[in-house]
Amino acid sequence: MASASSLAASVSPATSSDTVTRAELSEIDASTKAPAMYFLCSAILWLIIGTAFALISSFKMHKPELLGDIEWLTFGRARTAHLNAVIYGWSVNASFAVAMWLMARLARSVVRHSGILMLAGAFWNVGVTVGMYGILAGDATSIEWLEMPPYATPMLFIAYALIGAWAVITFRFGKSEHIYVSQWYILAALFWFPWLYSVAQIMLIFSPARGTVQALVNWWFAHNVLGLWFTPIGLAAVYYFLPKVLGKPIHSYYLSVLGFWSLAIFYNWAGVHHLIGGPVPAWVITAGIAASFMMVVPVVVTAINHHLTMIGSFQALKYSPTLRFIVFGAVNYTLSSLLGSLMADRGVSEVVHFTHAVVGHAHHGLYAFFSMVMFGSIYYILPRILHKEWPSARLISVHFWTCAIGITIYVIVTSIGGTKQGLEMNDASIPFMDVVRHTIVWLKLRSYAGVLITVGHVAFAINFAWMIFKPRADNTAPTLFAHPNPDLEISAR
Amino acid sequence: MNRAPLIFLGIFFALAFSWTGIVLTNQIAYGKLEPVFDEGENKSFPEALPGLAAQGKLVYQDLGCIYCHTQQVRRPGYGGDIDRGWGERQSVARDYIRERRVLLGTMRTGPDLRNIGARQAGDAGREWHIRHMYDPEITSKDSIMPKYKFLFETRKIVGEPSTKAVQRLLPASAQPAAGYEIVLTDRGNALIEYLLSLKDSYTYPEEATRVYVEPKKEQKAGASSEAAKPEAHK
């Protein structure tokens, strides 16, 4: 085991700073500043826009007369605008920023050709803007997760190609001898996404496949956006920041390798579980269910690895904003994935399929895990590229608690309400309108949870803007929730 | 130690595996499924959408109806689809082969619409849809479906009142001022034609012999009279 732990130590970001001088890291961070700020500002702008559409759609579900006469904001469009703003606007922009910063640090390479990234960012955000306009104007494709009209998507693809090219260049010119597990995840995600996206675009929009082959392509794509793009980026961040903030290596190098490959092999088959009971070949569905169950392996392996890394350091949660968000995200990765495997069971799916429980589950994965990890990452990255500290620890605290409590309520009420809805819907003796009436109370609670989350996002956006515009101070002490006990080993925020 | 090429190969094959299994294999297996020609009826099934209904489908897409309504009926004994009267039989792959965009959907905030054209048919069905689109609560009290008043137009009567005026179907509170009438827009009309066209009633030869076995759990539930349904559905 000694060799294993020394190997782990040698490739861990927590200990690699012994070999990399602080000056070098600082230089690398500085080189990421322009593109990272560009992606982060866009991400947060889209987060606020997406949140606004989320509230509109959520309230419309129990108050349909709200903005009811405005065709542009009819539920089908507002809901779609919400999804696209938070996925392609917020989540992908945040992913680009965090992945790029991690890539540069882990490859120990300053960002070369940042012009490529700026150009990619321009294409991406113009593409998303045009796509959002298309959705609101009524040009949405009605293909879940691919709603943007075909006149917007080529721009996204160009942006993507540029980022991929940049990543390969950075990786090639990197100085680091070891490939840390975070890099595996990021490289894999950068490679997988364009494959998924191009196959989906071609087989669904430009030259549609016949019949329900489309449904298979749709869910192969849509679930893999989560599984092979957001999950790897989120896990890359957890694998980097957890040891980094705690100042100790990740527990087991081998577990992280096992976690990576089992995820790579099983996750990409799992999406078909969205078609259980649907008009597609039964064997594909069975394979999808099996793969969904097998996802327990990478999830549990990763959870054990993270947990054993955290053990003995839980006190640090009291002080470090980054850690608090990242740990909340990592715990919810485990929970949402295990629930996801459960929901893929035929018997469970018979009930929860077609209900609000699935919506709740999507938010569990994308928000409670992914977005919270991105928030944590941003709290770490921004002070390092701006050489300023977060202006308000209180606003960070508001952000954490409103979002953590809000999303927890959200997931619980949609899960309970959705399960009830599914049970009633399967009982034909209950009139359909009664099923609808019984969901209202849960939908209202969901909206209130959404209001709480909105408060958190506003706090975050204010802190972010304040930080950008405040002058650089001499005081460089990190912004923590409390002043840590000096004995406690905590190397960062 | 440069393991990058090895890692890359692994990453490549991981996705190639599911791409082959889910996308390619199924494209080869049933991506060329053809309509069935029925000599008795002298036409092929599934039937193509009439022109106006095809336009209406685009309205269905642009308004995002798919986010609350599915278009797929699950098999008897799995979910309540058949019992609720959402279809006579389960949906099969061949039902969708003429559709340029397949709108299976994943959410049932509202009921399944695969056979709404069978439930709301003919002129009565058209009138039901007009009321329902104008204000869903007219036909379904407490409905949370949006009102689609923007698919209607209130216009001044010029000359004779239009035969297409619909206000007679609407409640007193919705009546326009004297000299005005309410008509469906072209988009609204197309959307309703699309909904009226939605039905899968034809049984393909390969489906006629399909036998459904009641799931075990109902047998376990035992005594209830409902569990004693016939072993096989048509």
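Rules used in this analysis
- Residues numbered from 1 in each chain as written.
- Chains lettered and ligands numbered in written order.
- Predicted model: local features only at pLDDT ≥ 70, side-chain atom pairs only at ≥ 80, totals over all residues.
- Heavy atoms only, no water.
- Patch = residues over 30% accessible without salt bridge, like charges linked within 9 Å, V, L, I, M, F, W, Y side chains within 5 Å.
- Areas by Shrake-Rupley, 256 points an atom, 1.4 Å probe, with all protein chains shown as cover.
- Salt bridge = Lys/Arg side-chain N within 4 Å of Asp/Glu carboxyl O.
- Helix = DSSP H or I, 4+ residues; strand = E, 2+ residues; numbered from the N terminus.
- Core = buried A, V, L, I, M, F, W, Y, C linked by side-chain atoms within 4.5 Å.
- Buried < 20%, exposed > 50% of the residue type's maximum accessible area, 1.4 Å probe, protein only.
- Contact = heavy atoms within 4.5 Å.
- Polar contact = N/O pair within 3.5 Å; in protein donor to acceptor, adjacent residues only side chain to side chain.
- Buried area = accessible area lost by both parts, 1.4 Å probe.
- pLDDT = per-residue confidence, 0-100.
- Phe/Tyr/Trp six-rings, centres within 6.5 Å; stacked < 30°, edge-to-face > 60°.
- Lys NZ or Arg CZ within 6 Å of the ring centre and 35° of its normal.
- Disulfide = S-S within 2.5 Å.
- Pairing = 2+ DSSP bridges.

Taking an unreviewed UniProt entry as the reference, chain B is identified by name as Cytochrome-c oxidase belonging to Nibricoccus aquaticus.

Under the annotation held in an unreviewed UniProt entry, chain A carries the name Cytochrome oxidase subunit I profile domain-containing protein and is attributed to Nibricoccus aquaticus.

Let's shift gears to a nonpolar patch on the surface. Residue and element names in this part refer to chain A. Where nonpolar side chains cluster on the molecular surface, the patch consists of Val296, Val300, Ile304, Leu308, Ile311, Phe314 and Leu338 and spans about 510 Å² of accessible area. The element best represented in the nonpolar patch is helix H12 (residues 296-310), accounting for four residues. Here valine 300 shows up in helix H12.

Formed by 169 residues in total, the largest nonpolar core has its most connected members in A:Tyr88, A:Trp90, A:Leu102, A:Phe221 and A:Trp229. The element best represented in this core is helix H9 (residues 213-246) of chain A, accounting for 24 residues. Contacts of A:Trp90, omitting those with residues within four sequence positions, involve A:Ala43, A:Ile44, A:Trp46, A:Leu47, A:Ala85, A:Ser371, A:Met374, A:Phe375 and A:Ile378. Of all hydrophobic cores here, the second largest spans 41 residues; its members include B:Tyr67, B:Ile116, B:Ile192 and B:Leu198.

Glancing now at unusual backbone geometry. For residues other than glycine, phi is negative in most cases, and the peptide bonds are mostly trans. Between B:Phe45 and the following residue, B:Pro46, the backbone shows a cis peptide bond with an omega angle of -5°. If you trace the backbone, B:Pro46 turns up in the loop between strand E2 (43-45) and helix H2 (51-62). Residues other than glycine seldom take positive phi values, yet A:Arg108 does so here, at roughly 50°. Inspection of the secondary structure assignment puts A:Arg108 in the loop between helix H5 (75-106) and helix H6 (114-137). Of note in this structure, A:His113 is not a glycine but carries a positive phi near 50°. Its location among the elements puts A:His113 in the loop between H5 and H6.

Of note, B:Gln167 is situated in the loop between strand E3 (152-156) and strand E4 (180-184). A polar contact of 3.0 Å, which involves the side chain of B:Gln167, links it to the backbone nitrogen of B:Ile182.

Turning our eyes to something else, we now look at the interface of chain B and chain A. The partner chain A presents 91 residues to the 74 residues of chain B that form the contact. Summed over both partners, the interface of chain B with chain A buries about 6,800 Å², with 62% contributed by carbon and sulfur atoms. At the surface where chain B touches chain A, the tally comes to four salt bridges. Our enumeration of links across chain B and chain A arrives at 26 residue pairs in polar contact (both at pLDDT 80 or more). Those elements giving two or more residues to the side of chain B that touches chain A turn out to be helix H1 (4-30) and H2 of chain B. In terms of residues, the side of chain B that touches chain A owes the most to one element, H1(B), which gives 19 residues.

Before going further, it helps to spend a moment on the pattern of salt bridges. Summed over all chains, the structure comprises 27 salt bridges over all chains. Notably, a salt bridge pairs B:Arg114 with B:Glu99, separated by 3.0 Å at the nearest N-O pair. Of this pair, B:Arg114 sits in the loop between H2 and helix H3 (116-119) while B:Glu99 sits in the loop between H2 and H3, and the two are 15 residues apart along the sequence. By relative accessible area, B:Glu99 is classed as buried at 14%. For B:Arg168, the salt bridge is made with B:Glu127, and the minimal N-O distance between the two is 3.4 Å. Placement of B:Arg168 in the loop between E3 and E4 and of B:Glu127 in helix H4 (residues 122-134) is noted, with a sequence separation of 41 residues between them. Using a relative accessible area of 62% as the deciding quantity, one classes B:Arg168 as exposed. B:Glu127 gets classed as partly exposed once you look at its relative accessible area, which sits at 26%. Sharing partners across several salt bridges, the network here consists of A:Glu71, A:Arg77, B:Asp62 and B:Arg187.

In this model, chain B carries an average pLDDT of 90, and 90% of its residues clear a pLDDT of 70 or more. Within the model, pLDDT remains below 50 along residues 219-234 of chain B, and this stretch shows 16 contacts once partners closer than five positions in the same chain are excluded.

All names here are of chain A. Tallied over the full model, the rule gives 51 aromatic pairs over all chains. With centroids separated by 6.0 Å and ring planes inclined at 55°, the aromatic side chains of phenylalanine 96 and tyrosine 160 adopt a geometry described as tilted. Note that phenylalanine 96 is positioned in helix H5 and tyrosine 160 in helix H7 (residues 153-172), a separation of 64 residues in sequence. Taking the relative accessible area as the measure of exposure, phenylalanine 96 reaches 4% and is therefore buried. Each member of the aromatic cluster is reached from another via a ring pair, and the members are Tyr38, Phe39, Tyr88, Phe96, Trp124, Phe157, Tyr160, Phe193, Tyr197, Phe221 and Trp229. The ring centre of tyrosine 380 lies 3.6 Å from the NZ or CZ of arginine 384, which sits over that ring.

So, about the state of the cysteines. One pass over the structure, following the stated rule, counts zero disulfides over all chains. With no disulfide of its own, A:Cys41 lies closest to A:Cys403 among cysteine sulfurs, the gap being 19 Å. According to the relative accessible area criterion, A:Cys41 is partly exposed, its value standing at 34%. Of all cysteine sulfurs in the structure, the one in B:Cys68 sits closest to B:Cys65, which takes part in no disulfide; the separation is 8.7 Å.

With that out of the way, let us pick up the pairing of E4(B). Successive side chains on a regular strand alternate, one facing one side of the sheet and the next facing the other. Residue and element names in this part refer to chain B. Within E4, four of the five residues are buried, leaving the element largely enclosed by the surrounding structure. Of the strand pairs in this sheet, E3 and E4 are connected by five bridges, and their pairing is antiparallel. Across the sheet, residue phenylalanine 152 finds its bridge partner in E4, namely leucine 184.

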